Amino acid sequence: MIVLGFESSCDETGVALVCTEKGLLAHALHTQVAMHAAYGGVVPELASRDHVRRIIPLTRAVLAETGLTLQDVGAVAYTAGPGLAGALLVGASVAQSLAWSLDLPAIAIHHLEGHLLSPRLADPCPEFPFVALLVSGGHTQLMRVDDVGCYTLLGETMDDAAGEAFDKTAKLLGLGYPGGPALAHLAEQGNAEAITLPRPMLHSGNLDFSFSGLKTAVLTRLKTAQTQAIVSETLAADLAAATQAAIVDVLVAKSVLALDQTGLKRLVVAGGVGANRQLRSKLALALKKRKAEAFFPPLDLCTDNGAMIAFAAAQRISKGLVDLADKRHGFDVRPRWDLATTAT
Ligand code: KG4
Ligand code: ZN
């Protein structure tokens, strides 16, 4: 069966076609990064309006790329939450109206389920069960994943998400929005050992995280340098490298602890921060030492995209978790939505 999927929870409009047997057929993405950059962050109303502009042309693009028509589609999937309410409503209303007009089921997908199943689009595909490290702009969680729809929360951040820590520190360093990739880029020129930053909750013994203290530590360091008039390019690069190293160290240590506590040997990394090269290499190294394996989504599918939403729906269909006969088309979105409540 062919699933048409929509993602519009934040600042990326994503549309994809996934076949339950053959996998990803095509995906198209429009990022609003340039539009929001002038404001230093996502402006929700502008995001919603841009999703309205992009979603139909992107749908036409994936259909044209595959040579398929809407008549070939067997189900429509969309991100129902969590995310920005207005932005979510664009994807939900387009998906539901299309499904209604084509007499197809419409499947509401949790955004984080999309992220955490997305590494299964890669080759090799991680088998269940595995530990998932979800690291995005809004979430930092460790989950035990026993199957599609079987998710147990092992630990999460008490305050800022890992992506948020990258973004906020980048802002302090004047790197603009989005900060993660820019900070990672600047970090390549810096010396992480030149500055010691805290590793919050590293030895807490549990699987929770805390990142909000990091930006305060960076701010204090910057203020001291400002009063001494010694803010230099070198200091900025060293701070970027030290911040990245602190975040990566904590993520690696907690991921290893999660594998130890669950006795599992597979770790799947998902979400925007999963694109970070240092995180990828340090995790791969730490896991190799323990004869465990790390799996990552393809780089272009780390950040928000439609492929992960269509793919999550396709996997739910394949597992028999979707009532395909259900063609009711009333809908609602859930800007706040706990992934554990989607468990089967
Ligand atoms: O998953 P995602 O696209 O959106 C959310 O659902 O939040 O993640 C976006 C987050 C942002 O905080 C961004 O700065 C971060 O992922 N990010 C990175 C990198 N690429 C994206 N952080 C560190 N290094 C990167 N290369
Ligand atoms: Zn995301």
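A few points on the structure. (Residues numbered from 1 in each chain as written. Chains lettered and ligands numbered in written order. Predicted model: local features only at pLDDT ≥ 70, side-chain atom pairs only at ≥ 80, totals over all residues. Heavy atoms only, no water.)

## A short note on the sheet that holds strand S1 (residues 2-7)
Step number 1: What the 5 strands build is an open sheet, ordered S3-S2-S1-S4-S5; its pairing is mixed. The open sheet is flanked by strand S3 (23-31) and strand S5 (106-110), the only strands paired with a single partner. Averaged over neighbouring strand pairs, the angle between their axes works out to 20° when direction is ignored.
Step number 2: With 5 bridges joining them, strand S4 (residues 75-81) and S5 adopt parallel strand pairing. Looking at S5, one finds that Val 76 is bridged to Ala 106.
Step number 3: Contacting S1, S4 and S5, helix H3 (residues 85-102) crosses the sheet at an angle of about 160° to S4. (Pairing = 2+ DSSP bridges. Helix = DSSP H or I, 4+ residues; strand = E, 2+ residues; numbered from the N terminus. Axes fitted to C-alpha atoms, helices over the stretch in contact; angles between N-to-C directions. Contact = heavy atoms within 4.5 Å.)

## Details of the side chain of Thr 169
Step number 1: Among the structural elements, Thr 169 can be located in helix H5 (residues 162-172).
Step number 2: On the basis of relative accessible area, Thr 169 is assigned to the buried category, the value being 0%.
Step number 3: Beyond its immediate sequence surroundings of up to four residues, Thr 169 is in contact with Leu 183, Lys 215, Val 218 and Thr 243. (Buried < 20%, exposed > 50% of the residue type's maximum accessible area, 1.4 Å probe, protein only.)

## A closer look at the pattern of salt bridges
Step number 1: A complete count under the given rule lists 12 salt bridges for this structure.
Step number 2: Within the structure, one salt-bridge network assembled from shared partners comprises Asp 160, Glu 164, Lys 168 and Lys 215. (Salt bridge = Lys/Arg side-chain N within 4 Å of Asp/Glu carboxyl O.)

## Re the site of ligand 1
Step number 1: Around ligand 1 sit 17 residues in total, of which Gly 137, Asp 167, Gly 180, Gly 272 and Asn 276 are the nearest.
Step number 2: Between ligand 1 and His 111 there is a distance of 3.2 Å, counted from an oxygen atom to a side-chain nitrogen or oxygen.
Step number 3: Interatomic distance of 3.5 Å between a backbone N/O atom of Val 273 and an oxygen atom of ligand 1.
Step number 4: Breaking the shell around ligand 1 down by element, the ones donating at least two residues are helix H4 (111-117), H5 and helix H6 (179-187). (Near = heavy atom within 4 Å. Polar contact = N/O pair within 3.5 Å; in protein donor to acceptor, adjacent residues only side chain to side chain.)

## Thoughts on the sheet that holds strand S9 (residues 266-270)
Step number 1: If you trace the 5 strands from one edge of the open sheet to the other, you get S8-S7-S6-S9-S10, paired in mixed fashion. Here the strands that pair on one side only, and so sit at the sheet edges, are strand S8 (150-156) and strand S10 (293-295). Averaged over all pairs of adjacent strands, the angle between their axes in this sheet comes to 25°, without regard to strand direction.
Step number 2: Inspection of the sheet shows strand S6 (residues 130-135) paired to S9 by 4 bridges, in the parallel sense. Of the residues in S9, the one forming a bridge with Ala 132 is Val 268.
Step number 3: Packed onto the sheet, helix H9 (residues 277-289) meets S6, S9 and S10 and runs at close to 175° relative to S9.

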